[in-house]
Amino acid sequence: MPTSSNRKLVILDRDGVINADSDAFIKSPDEWVALPGSLEAIARLNQAGYRVAVATNQSGIGRGLFDTSALNEMHAKMHRQAAAVGARIDAVFFCPHTSQDHCDCRKPRPGMLKMIADRFEIDPADTPVVGDSLRDLEAGAALGCRTHLVLTGKGQKTLAAGGLPEGTQIHDDLRAFALDFLSNETA
Ligand SMILES: [Mg+2]
Ligand SMILES: [Zn+2]
């Protein structure tokens, strides 16, 4: 039986939230560069008792731009840099498909978030989903999660385009999300 504390989970998109995004895809560990303060923000969430899971669309695999071993190397770098600032990412879920595959895991479909909710035995209604693209928020809203837009990555464009799920909160970056979210939690 899980305790209440280990049901505390935050679900993050990766590109544009944790690391700098690129329209040309992040294809190698060298191209994976953390955004300022993002890993420290994860450490802060961990210190408040939150586990952190990543849910990321990686259609570059389905397009043949890189393979899963390159993705694993990127994530090894992410975990290594996270550990260096006392942060821990508990799980990384990725969708390797393209939109033509019509899978259930590619956001905005909620399949990947559903797998995370099942794995971590969390209540989506208590679980924030943080992303920089509308599809991140749509996937979260479809599962009943609380949705948070960050303005890093594609976030400014996403905000300008409008149509955010009802109740979406907006933060400058992941550091601002962590501060806002944790201060509301203790209020
Ligand atoms: Mg993104
Ligand atoms: Zn998929």
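Residues numbered from 1 in each chain as written. Chains lettered and ligands numbered in written order. Predicted model: local features only at pLDDT ≥ 70, side-chain atom pairs only at ≥ 80, totals over all residues. Heavy atoms only, no water.

Looking up the protein in an unreviewed UniProt entry gives the name D,D-heptose 1,7-bisphosphate phosphatase, with the organism given as Paraburkholderia eburnea. On record in UniProt, under Pathway (unreviewed entry), the comment for the protein is "Nucleotide-sugar biosynthesis; ADP-L-glycero-beta-D-manno-heptose biosynthesis; ADP-L-glycero-beta-D-manno-heptose from D-glycero-beta-D-manno-heptose 7-phosphate: step 2/4." The UniProt entry for the protein carries this comment under Catalytic activity (unreviewed entry): "D-glycero-beta-D-manno-heptose 1,7-bisphosphate + H2O = D-glycero-beta-D-manno-heptose 1-phosphate + phosphate". (UniProt positions renumbered as here; feature names shortened; annotations may be inferred.)

Looking at the environment of M74
Topologically, M74 is positioned in helix α3 (residues 68-84). Measuring from C-alpha to C-alpha, the distance between M74 and V150 comes to 22 Å, with 76 residues separating the pair along the chain. Look past the residues within four positions of M74 in its chain and what remains in contact with it is R14, I26, K27, S28, P29, W32 and F66. (Helix = DSSP H or I, 4+ residues; strand = E, 2+ residues; numbered from the N terminus. Contact = heavy atoms within 4.5 Å.)

Brief notes about the coordination of the magnesium ion (ligand 1)
The coordination sphere of the magnesium ion (ligand 1) contains the protein donors D13 (OD), D15 (O) and D132 (OD), at a distance range of 2.0 to 2.2 Å. Between consecutive donor residues of the magnesium ion (ligand 1), the sequence gaps follow D-x1-D-x116-D. Placement of the pair is D15 in the loop between β1 (9-12) and α1 (38-47) and D132 in the loop between β4 (128-131) and α5 (134-143), with a sequence separation of 117 residues. (Donors = N, O, S within 2.8 Å, 3.2 Å for Na, K, Ca; no water.)

A closer look at the coordination of the zinc ion (ligand 2)
Distances from the zinc ion (ligand 2) to its protein donors, C95 (SG), H97 (ND1), C103 (SG) and C105 (SG), fall within 2.0 to 2.2 Å. Relative to the metal, the four donor atoms surrounding the zinc ion (ligand 2) lie at angles of 99 to 118 degrees, and the coordination shape comes out tetrahedral. All donor residues of the zinc ion (ligand 2) come from one chain, and their arrangement in sequence is C-x1-H-x5-C-x1-C. The class of H97 is partly exposed, set by a relative accessible area of 26%. By relative accessible area, C103 is classed as buried at 13%. (Tetrahedral: all angles 85-135°; square planar, octahedral: opposite > 155°, others 65-115°. Buried < 20%, exposed > 50% of the residue type's maximum accessible area, 1.4 Å probe, protein only.)

With respect to the pattern of salt bridges
Evaluated as defined, the whole model comprises nine salt bridges. One salt bridge in this structure joins D13 and K107, with 3.1 Å as the shortest N-O distance. Taken together, the positions of D13 in the loop between β1 and α1 and K107 in the loop between β3 (91-95) and α4 (111-120) put the pair 94 residues apart, joining distant regions of the chain. Of the charged contacts, one joins R88 and D90 as a salt bridge, the two residues approaching to 3.0 Å between their closest N and O atoms. Classification of R88 by relative accessible area gives partly exposed; the value is 43%. Several salt bridges share partner residues, and in doing so they unite D13, K107 and D136 into one network. (Salt bridge = Lys/Arg side-chain N within 4 Å of Asp/Glu carboxyl O.)

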